[in-house]
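Listed below, chain by chain, are the residues.
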Amino acid sequence: MTILTMPVQDVMIGDTLVRVSGEGFPLVFVHGFTTTSEFWREQAEEFSKGYRVIRVNLPGHGASPAPTSRSYCLNDFVEDVARVFRELNIEKAVLIGLSMGGIIAQKFALRYLHLLKGLVLVDTTSHGVGPEGTDDAFLANVNKLGFRKAVQDLSDISFSSSASPALLAWAREEVIKTPEFVAKAAIRSINDSDTRDSLSQIKVPTLVIAGEEDVVTPPSESEILVKGISQSSLALIPGAGHFALLENPVVFNRALSRFLDGLSL
């Protein structure tokens, strides 16, 4: 496991725990379904050397609180991220979203494009993959197997066959930090989401990254994003599944670095 060597400041913004490290142009990282800001650990270590790295723990995920008085749908998460921008005085940033976080990033771009210098969509989709796909299958597994096993099984299939047992074990402990009621609300919202008709409105340089062995959101989903967003390009990460950022961080970080260099930040 990567141990961050730079100071990290934890900031509570509403129901969102935000981890901030480094200085420079802001990079805002948003994790995926039932994952946490720590899934960006390899990027935090690398990019905090030259950027202000801001890792969001969405409400109900990781160390963020999960009050029952609020909603946990994607549109609410978009507003949580917007509040992070406001309270950290971020005028422009590159927004980087993984999986569910990538859908949130698309929706954020459609609503707050003026705040973005660039967009990075990692192992994500432009539309829900139900009723026969992952979302409804997950809910069926929760009913059949129980929440803990269902969410850990989803984590397991998110990695390629070459992922280390230690990495799988670490991820299995991270994903069970999300309460069941939060996960069910979020997955239903993912299933209802569809940005395909709006992708042409995302007029900001965009990098789409996909693990070549991703079975949760296969590379064909990333190709839909690239076709829909005019200023976009695709980077495929070999030897990686849905969590390319963790499985092959060297190649992942190289692709992200090259994209950032091209933005003249």
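Source: prediction; values computed, not measured.

Caption draft 1: The arrangement of the sheet that holds strand E6 (residues 116-122) in detail. With mixed pairing, 8 strands are arranged side by side in an open sheet as E1-E2-E4-E3-E5-E6-E7-E8. In this open sheet, the two edge strands, each paired with only one partner strand, are strand E1 (9-13) and strand E8 (232-237). Between one strand and the next, the sheet's axes are offset by a mean angle of 20°, whatever the strand orientation.

Caption draft 2: Broad picture of the pattern of salt bridges. Under the counting rule described, the total for this entry stands at 13 salt bridges. As a salt-bridge pair, Asp-10 and Arg-19 come within 2.7 Å of each other at their nearest N and O atoms. By relative accessible area, Asp-10 is classed as partly exposed at 42%. When salt bridges that share partners are traced, they join Asp-10, Arg-19, Glu-38 and Arg-55 into one network.

Caption draft 3: How the structure looks around the packing of helix H5 (residues 147-157) against helix H6 (residues 165-175). Look at H5 against H6: their axes get within 9 Å of each other, and the N-to-C directions meet at 140°. The angle between the axes of H5 and H6 places the two elements in the oblique class. Pair H5 / H6 crosses with right-handed handedness. Taken together, the residues of H6 that come into contact with H5 (itself represented by Arg-148, Val-151, Gln-152, Ser-155 and Asp-156) are Leu-168, Ala-171, Arg-172, Glu-173 and Val-175. Among the residues making up the contact of H5 with H6, the classes are represented as 4 nonpolar, 2 polar and 4 charged.

Caption draft 4: Looking closely at the nonpolar core. Ranked by size, the top nonpolar core spans 85 residues in total, and within it Phe-108 and Phe-138 carry the most contacts. The residues contacting Phe-138, other than those within four sequence positions of it, are Phe-33, Phe-147, Ala-150, Val-151, Leu-154 and Ile-187.

Caption draft 5: View of the packing of aromatic side chains. A full pass over the atoms with the stated rule returns 11 aromatic pairs. Ring centres of Phe-33 and Phe-138 lie 5.2 Å apart, and the angle between their planes is 85°; this geometry places the pair in the edge-to-face category. Of this pair, Phe-33 sits in the loop between strand E3 (26-30) and helix H1 (41-47) while Phe-138 sits in helix H4 (residues 134-145); the two residues are 105 residues apart in sequence, bridging distant segments of the chain. Each member of the pair, Phe-33 as well as Phe-138, carries the same accessibility label: buried. With a centroid separation of 6.4 Å and an interplanar angle of 85°, the aromatic rings of Phe-138 and Phe-147 are classed as edge-to-face. Phe-138 sits in the buried class, given a relative accessible area of 3%.

Criteria and thresholds
- Just so you know, the residues in each chain are numbered from 1, in the order the chain's sequence is written.
- The model is predicted, so local features are restricted to residues of pLDDT at least 70 and side-chain atom pairs to those at 80 or more, both for listing and for counting; the totals for chains, interfaces and linings are taken over all residues.
- As a convention, hydrogens and water are excluded, and side-chain values are obtained from all of the structure's heavy atoms.
- Strands are treated as partners if at least two bridges between them are detected by DSSP.
- In DSSP terms, a helix is any run of H or I states spanning at least four residues, a strand is any run of E spanning at least two, and both are numbered starting from the N terminus.
- To get an axis, a line is fitted to the C-alpha atoms, and for a helix only the part in contact is used. The angle between two axes follows their N-to-C directions and goes from 0 to 180 degrees.
- Whenever Lys or Arg places a side-chain nitrogen within 4 Å of a carboxyl oxygen from Asp or Glu, that contact is recorded as a salt bridge.
- The classification of residues rests on relative accessible area computed with a 1.4 Å probe and restricted to protein chains. Under 20% of the type maximum is buried, over 50% is exposed, and intermediate values are partly exposed.
- Here the angle decides the label: under 35 degrees means roughly parallel, over 145 means roughly antiparallel, 65 to 115 means roughly perpendicular, and every other value means oblique.
- In a left-handed crossing the near helix is turned counterclockwise from the far helix by less than a right angle, and in a right-handed crossing that turn is clockwise.
- Working rule for contacts: check all heavy atoms of both residues, and any pair within 4.5 Å makes them a contact.
- Put simply, Ala, Val, Leu, Ile, Met, Phe, Trp, Tyr, Cys and Pro go in the nonpolar bin, Asp, Glu, Lys and Arg in the charged bin, and everything else, Gly too, in the polar bin.
- We define the nonpolar core as a collection of buried residues of types Ala, Val, Leu, Ile, Met, Phe, Trp, Tyr and Cys that are connected through side-chain atoms lying within 4.5 Å of one another.
- Only Phe, Tyr and Trp rings take part, Trp by its six-membered ring, and two of them pair if their centres are within 6.5 Å. Stacked means planes under 30 degrees apart, edge-to-face means over 60, and tilted covers everything else.

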